[in-house]
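Observations on the model geometry
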Amino acid sequence: MSELVEGYGALLGEIKQRIRTAQYEALKAVNKELIALYWDIGKLIATRQQGQTWGKSVVEQLSRDLKSEFSGVSGFSSRNLWNMRSFYLAYARHEKLQPMVAEIGWTHNMVIIEKCKDDFEREFYLRMTRKYGWTKHVLIHQIENQAYERTLLNQTNFTETLPAALQSQAKLAIRDEYIFDFLELDEVHSERELERAILSKVDAFLRQMGGMFAFLGSQYRVEVGDQEFFIDLLLYHRRLRCLVAIDLKIGRFQPEYVGKMQFYLAVLNDQVRLDDEGSSIGIILCKSKDKTIVEYALKDSDKPIGVATYQIVSQLPQELKGQLPSPEEIAQLLEGVE
């Protein structure tokens, strides 16, 4: 009987997991069919409108008739029918993006259509939402804080220091600037206060970092010779399968920070990294930086390092859009996101 009881716990756990997996797969299948339905309705409306004079009144009548015929089915309001039309028109000529829209929810798709006007920007948020499972509110927050621009403008030396297969994934894992508006900090604060605030909101911090990081420790101790050294934060990137060291700085970036980070990464690679893990990556997180100085500081570094800034209060510098890479560079980078 005791053996049966012990075995029952494992059996129950396995069945629960199997049910959850089945539920998730069923939800994905339902969502895919729903998106396909809305696509077809949007296409029919858009096609019928070509060369016709009917518009708002016809769609309103269509909405009433559909709700009457399918009384137990939601989603046929006149507003949502117009959304279906907009949805179809937004992606009708973009075969590359069409398979992606079925992999995220309808409300997510509407947010992206309404808030993103550029095809590359839409592709970025489609891929990121699918990859990280962003909720609607997280997606809105990411768009409003210009995650697209802040990611594409990042400063790293990954092209020179990482294998080609990892470069795109690594570049998209590091932003040019992070918004830590969830931290309860005064504008003037110490590095220790910054670290403590991050540790008190570590879940929000990891989400802001991109969603694929796991927290390994703060003031992570390494020993070299007869001396101890402490890395401010140590993370692990699940997709890249590598350690990520973060050095927190509350002031302006200084070139000597790169040398210190190279030292940390060399030690992590020798003492902490597992045999099947990739080269450790470093992120120097500063309050501000001069991009030219960062470029020179990273130029001869042989370890993969990114330099980013952070804000405590969200600000939206619209001029970021004018600084983006060329369309060809954006397309090449996004191709590396699965």
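Just above sits the structure.
This report concerns the structure included in the present document. (Residues numbered from 1 in each chain as written. Predicted model: local features only at pLDDT ≥ 70, side-chain atom pairs only at ≥ 80, totals over all residues. Heavy atoms only, no water.)

A closer look at the overall build of the chain
A tally of regular secondary structure across the chain gives 15 helices and seven strands. Judged by the C-alpha coordinates and their principal axes, the chain covers about 80 × 70 × 40 Å. Classification of the 338 residues of the chain by burial places 45% in the buried group. Carbon and sulfur atoms form 51% of the exposed surface of the chain, whose accessible area is close to 18200 Å². Measuring between centres, the 42 positive side-chain charges of the chain sit 7 Å from its 48 negative side-chain charges. (Helix = DSSP H or I, 4+ residues; strand = E, 2+ residues; numbered from the N terminus. Buried < 20%, exposed > 50% of the residue type's maximum accessible area, 1.4 Å probe, protein only. Areas by Shrake-Rupley, 256 points an atom, 1.4 Å probe, with all protein chains shown as cover. Lys, Arg positive; Asp, Glu negative; His and termini not counted. Charge placed at Lys NZ, Arg CZ, Asp CG, Glu CD.)

Side note on the environment of Tyr125
Looking at the element boundaries, Tyr125 is found in helix H6 (residues 119–132). Spatially, the C-alpha atoms of Tyr125 and His108 are 9.4 Å apart, while their sequence positions differ by 17 residues.

As for the pairing of strand S7 (residues 305–311)
Most of S7 is tucked away, with seven of its seven residues classed as buried. In S7, alternate side chains face the same way, and those of Ile305, Val307, Thr309 and Gln311 on one face and Gly306, Ala308 and Tyr310 on the other are all buried. Relative to S7, strand S1 (residues 155–156) runs antiparallel, the two sharing two bridges. Residue pairing in the sheet places Thr156 in a bridge with Gly306 of S7. Looking at chain direction, strand S2 (residues 177–179) and S7 are connected through three bridges and run parallel. What sits directly across from Tyr178, in S7, is Tyr310. By the bridge criterion, five bridges tie strand S6 (residues 281–286) to S7 in an arrangement that is parallel. Residue Ile284 lies in a different strand from S7, and its bridge partner there is Val307. Assessed by its sense of winding, the connection that carries the chain from S6 through helix H14 (residues 291–299) to S7 is right-handed. (Pairing = 2+ DSSP bridges. Right-handed = clockwise from strand over helix to strand, strands pointing away.)

What to know about the packing of helix H2 (residues 56–69) against helix H3 (residues 78–91)
Axis separation between H2 and H3 bottoms out at 8 Å; the angle between their running directions is 115 degrees. In terms of orientation, H2 and H3 fall into the roughly perpendicular class. Our pair here, H2 against H3, has a crossing hand that is right-handed. On H3, the residues touching Lys56, Val59, Glu60, Leu62, Ser63 and Leu66 of H2 are Ser78, Leu81 and Trp82. (Axes fitted to C-alpha atoms, helices over the stretch in contact; angles between N-to-C directions. Parallel < 35°, antiparallel > 145°, perpendicular 65-115°, else oblique. Left-handed = near helix turned anticlockwise from the far one by under 90°. Contact = heavy atoms within 4.5 Å.)

Concerning the packing of H6 against helix H15 (residues 327–334)
Packed helices, taken two at a time, are described by the angle their axes make and the gap between the axes. The N-to-C vectors of H6 and H15 enclose an angle of 15 degrees; their axes lie 11 Å apart at closest approach. Judged by the inter-axis angle, H6 sits roughly parallel to H15. Crossing of H6 over H15 shows left-handed handedness. Counted together, Phe120, Glu123, Phe124 and Arg127 of H6 and Pro327, Ile330, Ala331 and Leu334 of H15 form the full contact between these two elements. Residues of the contact of H6 with H15, tallied by class, amount to six nonpolar, no polar and two charged. (Nonpolar A, V, L, I, M, F, W, Y, C, P; charged D, E, K, R; others polar.)

Comments concerning the state of the cysteines
Should the sulfur atoms of two cysteines be covalently bonded, the bond is a disulfide. Evaluation of the coordinates by the stated rule reveals zero disulfides. With no disulfide of its own, Cys242 has Cys286 as its nearest cysteine by sulfur position, at a separation of 20 Å. When its relative accessible area of 0% is taken as the criterion, Cys286 is described as buried. (Disulfide = S-S within 2.5 Å.)

Overview of a nonpolar patch on the surface
Taken together, the side chains of Leu11, Ile15 and Ile19 define a hydrophobic patch exposed on the protein surface, amounting to about 270 Å² of accessible area. Within the fold, Ile15 resides in helix H1 (residues 2–49). (Patch = residues over 30% accessible without salt bridge, like charges linked within 9 Å, V, L, I, M, F, W, Y side chains within 5 Å. Salt bridge = Lys/Arg side-chain N within 4 Å of Asp/Glu carboxyl O.)

Quick notes on helix H11 (residues 191–200)
Every buried residue belonging to H11 is among Leu194, Glu195, Ala197 and Ile198, and all of these are buried. Buried positions in H11, seen along its axis, are confined to an arc of 165 degrees and lie on one side of it. In H11, the exposed residues that point more than 90 degrees away from the buried face are Arg196 and Ser200. Considering only its buried residues, H11 is in contact with helix H12 (202–209), strand S3 (213–224), strand S4 (227–237), strand S5 (242–248) and S7. (Arc of directions from axis to C-beta.)

Quick look at the nonpolar core
Residues Leu81, Phe87, Tyr91, Ile112, Phe124, Tyr125 and Leu126 are the most contacted members of the largest nonpolar core, which totals 43 residues. Excluding anything up to four places from it in sequence, Phe124 contacts Ala147, Tyr148, Thr151, Leu172 and Leu334. Judged by nonpolar contacts, the second largest core, of 31 residues, contains Leu233, Val244, Leu248 and Ile281. (Core = buried A, V, L, I, M, F, W, Y, C linked by side-chain atoms within 4.5 Å.)

Considering the side chain of Arg127
Among the secondary structure elements, Arg127 is positioned in helix H6. Look at Arg127 and you get buried, because its relative accessible area is 7%. In terms of polar contacts, Arg127 uses its side chain to reach the side chain of Glu123, at 2.9 Å. Within the structure, the side chain of Arg127 is placed 3.4 Å from the backbone oxygen of Leu334, a separation counted as a polar contact. (Polar contact = N/O pair within 3.5 Å; in protein donor to acceptor, adjacent residues only side chain to side chain.)

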